[in-house]
Amino acid sequence: MSIGASNPEYVNARVRARRAALFADEDYRKLIRMGPSGIARFMEETEYEREINALGARFSGVDLIEYALNRNLAKHFHDLLDWSEGRLYDLIARYLRKFDVWNVKTIIRGIYTETSSDEVQTDLIRAGEIDDSTIDRLLEVDTIEDAIETLNATMFYEPLLEAFETYEQTGALVPLENALDRAFYENLLADLGRPQEGPEALYVEFLEAEIDFRNARNALRLARTGADLDPAAYYIGGGVLFTESELSRLVTDYDELVSHIADSRRYGDTLSSALTQLREAESLIQFEHALEAALLEYADTLSSSYPVSVSAVLSYILAKEREVENIRAIARGREVGLSESEIEDELVIL
């Protein structure tokens, strides 16, 4: 189906309204000074009102906030699909499969750490294509091997099977998590080609940027683990910034890695503020947050250059995710007694 059979003008008008309702950075700074009950009351005065009221009789504190955030996020992204038609629907649905990856990773981590299924369920975002019955079965299994078998009808099954042997040898979840990422991006880009202009060209450009920044993040994570793992083995194809050999070389030199991004024709001119954050990052978490900010900035740049396209929708999806992750980080930080400055370090603020 062609992009002409889509309805981007209508969807983008709805998205602009939703984008305007997102929390401002000043809202996060207010929340940092509140406890979980105060955060929940603040959320009740915003567009989270329906979820807070619906869940308030069953949950309280951080649990109430977590469930409300995830239910609201899933609702917003289901709305995107309900509004969309034709090719636009297809492009958005493809991208929302990222939440299948999120959910499977979350469940596998829960099995690995022997976390109860009730706690794991709090972190699930049911906005992807894996149906609820499969997710519910995943929550019931006790081993990672059984979880993989439960996914035998999905695109993740074969990649996870291949990665399971490495997981057994190393005891690290990185091979399994990377297998999920690679399956998602490879399937996402598989039949899109490389259009040179128009809305789909911007869609592909955004995905390439996300892959580039994911590769940079994975490289730094591998370098920080100290494990004897080959960075090339965790390389995700489809980006434009790194070859496998370049990533393996840059993984040991943080400054050169950031310079490689800054010197690139695609990102150097449009990510000046984000690159400043990257250069000043003193820890892996700060680096990862700077990469998230860079991707947000890049998505906004693409959406402003072609307003009537799927780019504005992707930009909104990232911004909505950022809001949910920031509120979650504040609530969890307050619960465990982090200082205001420590909590602010956990946030992605542009």
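Further up the page is the structure itself.
Source: prediction; values computed, not measured.

Moving on to the packing of aromatic side chains. Within a pair of aromatic rings, the relevant descriptors are the distance that separates the centres and the angle that separates the planes. For the structure on display, the rule yields 12 aromatic pairs. Each ring, one from Phe23 and one from Tyr28, has its centre 6.2 Å from the other, and the planes form 35°; the classification is tilted. Residue classification places Phe23 among the buried positions, given a relative accessible area of 7%. For Tyr28, a relative accessible area of 1% corresponds to the buried category. A centroid spacing of 5.4 Å and a plane angle of 35° characterise the contact between Phe77 and Phe99, whose relative ring orientation is tilted. A residue pair is termed long-range when its members are at least 10 positions apart, and Phe77 in helix α5 (residues 61–83) and Phe99 in helix α7 (residues 98–112) qualify at 22 residues.

Taken as a whole and assessed by the stated rule, the structure comprises 23 salt bridges. With a closest N to O distance of 2.6 Å, Asp90 and Arg87 form a salt bridge. Highlighted residues: Asp90 and Arg87, both in helix α6 (residues 86–96), separated by 3 residues, approximately one helical turn. Look at Asp90 and you get partly exposed, because its relative accessible area is 25%. Since its relative accessible area comes to 15%, Arg87 is described here as buried. Across the pair Arg266 and Glu208 runs a salt bridge, and its minimum N-O distance is 2.6 Å.

Another aspect to go through is a negative patch on the surface. On the surface, a cluster of negative charge is made up of Asp142, Glu145, Asp146, Glu149, Glu165 and Glu168. Residue assignment for the negative patch shows that the elements contributing at least two residues are α10 (144–150) and α11 (157–170). It is α10 that contributes the most residues to the negative patch, 3 residues altogether. Examined against the element boundaries, Asp142 turns out to sit in the loop between α9 (132–140) and α10.

Along the chain, Ala57 falls in the loop between α4 (49–55) and α5. Sequence spacing of Ala57 and Val120 is 63 residues, and the spatial spacing of their C-alpha atoms is 20 Å.

Calculation notes
- Going along each chain's sequence as written, the residues are numbered from 1 onward.
- In keeping with the predicted nature of the model, local features appear solely for residues at pLDDT of at least 70, side-chain atom pairs appear and are counted solely at 80 or more, and the whole-chain, interface and lining totals rest on all residues.
- For side-chain calculations, the full set of non-hydrogen atoms in the structure is used, while hydrogens and water are omitted.
- When the centres of two rings from Phe, Tyr and Trp lie within 6.5 Å, Trp using its six-membered ring, the rings pair. Their planes under 30 degrees apart give stacked, over 60 give edge-to-face, and anything left gives tilted.
- Relative accessibility under 20% of the residue-type maximum defines a buried residue, over 50% an exposed one, and the middle range a partly exposed one, all with a 1.4 Å probe and only protein chains included.
- Helix and strand definitions follow DSSP, with helices as H or I runs of at least four residues and strands as E runs of at least two, each counted in order from the N terminus.
- Salt bridges are defined by distance alone: a side-chain nitrogen of Lys or Arg within 4 Å of a carboxyl oxygen of Asp or Glu.
- To count toward a patch, a residue needs a relative accessible area over 30% and no salt bridge; like charges are then connected within 9 Å, while nonpolar side chains (Val, Leu, Ile, Met, Phe, Trp, Tyr) are connected within 5 Å.
- Throughout, the Shrake-Rupley method with a 1.4 Å probe supplies accessible areas, and for residues the shown protein chains are the sole cover considered.
- In summary, the charge assignment counts Lys and Arg as positive and Asp and Glu as negative, without counting His or the chain termini.
- Lys charges are placed at NZ, Arg charges at CZ, Asp charges at CG and Glu charges at CD.

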